[in-house]
Amino acid sequence: MTRSSWPLYEVFVRGKRGLNHVHVGSLHAPDDEMAVRNARDLYTRRNEGVSIWVVRADAITASSPDEKDPFFAPAGDKVYRHPTFYDIPQDVPHL
Amino acid sequence: MDLEREFERVVAADHRIEPRDWMPDGYRRTLIRQIAQHAHSEIIGMQPEGVWISRAPSLRRKAILLAKVQDEAGHGLYLYAATETLGADREDLTTKLIDGKQKYSSIFNYPTLTFADVGVIGWLVDGAAICNQVPLCRTSYGPYARAMIRVCKEESFHQRQGYELLMTMMRGTEAQRAMVQDAVDRWWWPALMMFGPSDAESSNTEQSMVWRIKRHTNDELRQRFVDMSVPQAKMLGVTFPDPKIAWNAERGHHDFGEIDWDEFWQVVKGNGPCNAERIENRRTAHEDGAWVREAAAAYAAKKEQVA
């Protein structure tokens, strides 16, 4: 018997209007259209979503965990990007 | 080694290991084996209840059972997807299942003789599965934990529909009540066996606890299940086929009798009442579906050429 070679898709679901699409898992499908249909049956059987994105897993580019420290280092020492960095007297209103 | 220390630090801190992290080969192998076995159980588990869809006594029960069996297919797919994040191949896992090289839960090798079995499977078998699965929502491997959160949310409906079905039958005729008790008598011991061998005999437990793949031992979970089930049986008006079940105030738990471990190992080794039939059905479904998978792939390839 021949082996199936349906590609792997990653699935993202928008839970409701106003929220981002969130990654929920993956599935195999022969093409993009079937991937959306399969994703509906697999990941939204109980009204978990109002919108679905699918993307072939091999089309995703990701940062690598091995380079975690150097890759995210530029954000590490910039505490002045956070509001708590600044000393403001308690009695200044609305700040 | 730095990588190994980092892995141990993340696990010990109760953080999650994610797919692209370095992990020991043994951790990866153990996870693939455990998650695949779990996925196979969901897929094989569609059969004992699936045969009752056409014979369910009302449209309501038919719709419920359809939804439940569809959920089990879904649970199998969530879990196969989790194994694929570890580098496993779903087609390969299916082949191993139908060649008998990977196992599934022994519980599905028992037959469903009456409609009361559908209720008892929901109550006791899914109840035992929930005891096993709730702690897995905090298992150390991220994709597995996330799949289990989805599974557990849906299992709750499975257990409640089963208990409700049995309550309905218990309000019926004497014959219906006898049917429920008979189903409980047949499923109670196999349900206890779902927690696996006793801690003394369980070869995988210790390392899995260190890696936080497992969070409780087999015997701890089995005890929890007995303690949960005894009052539920009382409410329902049935008894368990174990004269040794008794509240032990000193331990704060129910005592219960010894499992027939010979039967357990016989079923694990493939000699249960339905082992051959379950695998044969799975093989037939897989082979009969081959042309659909091939046709869809051919259509996709053709469309890509045209575009």
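Going by the structure above, here's the rest.
In this report, the structure presented in the accompanying data block is examined. The shown structure was predicted, so the numbers you read here are calculated from the model rather than taken from an experiment. (Residues numbered from 1 in each chain as written. Chains lettered and ligands numbered in written order. Predicted model: local features only at pLDDT ≥ 70, side-chain atom pairs only at ≥ 80, totals over all residues. Heavy atoms only, no water.)

### Re the side chain of B:Thr112
By secondary structure assignment, the location of B:Thr112 is in the loop between helix 5 (90-98) and helix 6 (115-133). Polar side-chain contacts of B:Thr112 include one of 2.8 Å to the backbone oxygen of B:Pro48. (Helix = DSSP H or I, 4+ residues; strand = E, 2+ residues; numbered from the N terminus. Polar contact = N/O pair within 3.5 Å; in protein donor to acceptor, adjacent residues only side chain to side chain.)

### Considering the packing of aromatic side chains
All names here are of chain B. This structure, assessed with the given rule, holds 16 aromatic pairs over all chains. An aromatic cluster of three or more residues is present, and its members are Trp 123, Tyr 163, Trp 188, Phe 195, Phe 225 and Phe 240. The side chain of Arg 55 reaches across the aromatic face of Trp 52, ending 3.9 Å from its centre. The residue whose ring lies beneath Arg 150 is Tyr 78, and the NZ or CZ to ring-centre distance is 5.2 Å. (Phe/Tyr/Trp six-rings, centres within 6.5 Å; stacked < 30°, edge-to-face > 60°. Lys NZ or Arg CZ within 6 Å of the ring centre and 35° of its normal.)

### Description of the environment of B:Phe264
All names here are of chain B. On the secondary structure map, Phe 264 appears in helix 11 (residues 261-271). You can call Phe 264 buried: its relative accessible area is 6%. When the C-alpha atoms of Phe 264 and Met 194 are compared, they prove to be 9.3 Å apart, with 70 residues separating the residues in sequence. Setting aside residues up to four positions removed in sequence, Phe 264 forms contacts with Met 193, Gly 196 and Pro 197. (Buried < 20%, exposed > 50% of the residue type's maximum accessible area, 1.4 Å probe, protein only. Contact = heavy atoms within 4.5 Å.)

### What to know about the nonpolar core
By size, the foremost hydrophobic cluster in this structure holds 89 residues, and its most contacted members are A:Leu27, B:Tyr27, B:Trp123 and B:Phe225. With 11 residues, helix 6 of chain B is the largest single contributor of residues to this core. When neighbours within four sequence positions are excluded, A:Leu27 is seen to be in contact with A:Pro7, A:Leu8, A:Tyr9, A:Val11, A:Ala35, A:Asn38, A:Ala39, A:Leu42 and A:Tyr43. (Core = buried A, V, L, I, M, F, W, Y, C linked by side-chain atoms within 4.5 Å.)

### Thoughts on unusual backbone geometry
Leaving glycine aside, a negative phi is the common case for residues, and trans is the common case for peptide bonds. Within the chain, A:His94 stands out as a residue other than glycine whose phi angle is a positive 55 degrees. Topologically, A:His94 is positioned in the segment after helix 2 (68-76). Phi angles above zero are rare outside glycine, and B:Arg212 is one such case at about 55 degrees. Mapping B:Arg212 onto the fold places it in the loop between helix 9 (205-210) and helix 10 (218-236).

### Concerning the environment of B:Met209
All names here are of chain B. Within the fold, Met 209 resides in helix 9. Put simply, Met 209 and Tyr 78 are 131 residues apart on the chain and 23 Å apart in space, counted from C-alpha to C-alpha. With residues near it in sequence (within four places) discarded, Met 209 still touches Lys 214, Arg 215, His 216 and Thr 217.

### Some thoughts on the interface of chain B and chain A
The partner chain A presents 22 residues to the 29 residues of chain B that form the contact. Interface area for chain B against chain A, summed over the two sides, is near 2100 Å², with a carbon-plus-sulfur share of 49%. For the pair chain B and chain A, the number of links is 5 salt bridges. B:Glu154 is the partner of A:Arg46 in a salt bridge, and the nearest nitrogen-oxygen pair spans 3.4 Å. (Buried area = accessible area lost by both parts, 1.4 Å probe. Salt bridge = Lys/Arg side-chain N within 4 Å of Asp/Glu carboxyl O.)

### Digging into helix 10 of chain B
All names here are of chain B. In a regular helix each residue adds 1.5 Å, so 19 residues correspond to 27 Å; helix 10 covers 27 Å between its end C-alpha atoms and thus fits that length. Among all positions in helix 10, only Asn 218, Leu 221, Arg 222, Gln 223, Phe 225, Val 226, Asp 227, Ser 229, Val 230, Ala 233 and Leu 236 are buried. Tucked inside the fold, the buried residues of helix 10 contact helix 6, helix 7 (142-170), helix 8 (174-193), helix 9, strand 2 (253-255) and helix 11. A positive phi of about 90 degrees marks Gly 237, the residue just after helix 10. (Expected span 1.5 Å × (residues − 1).)

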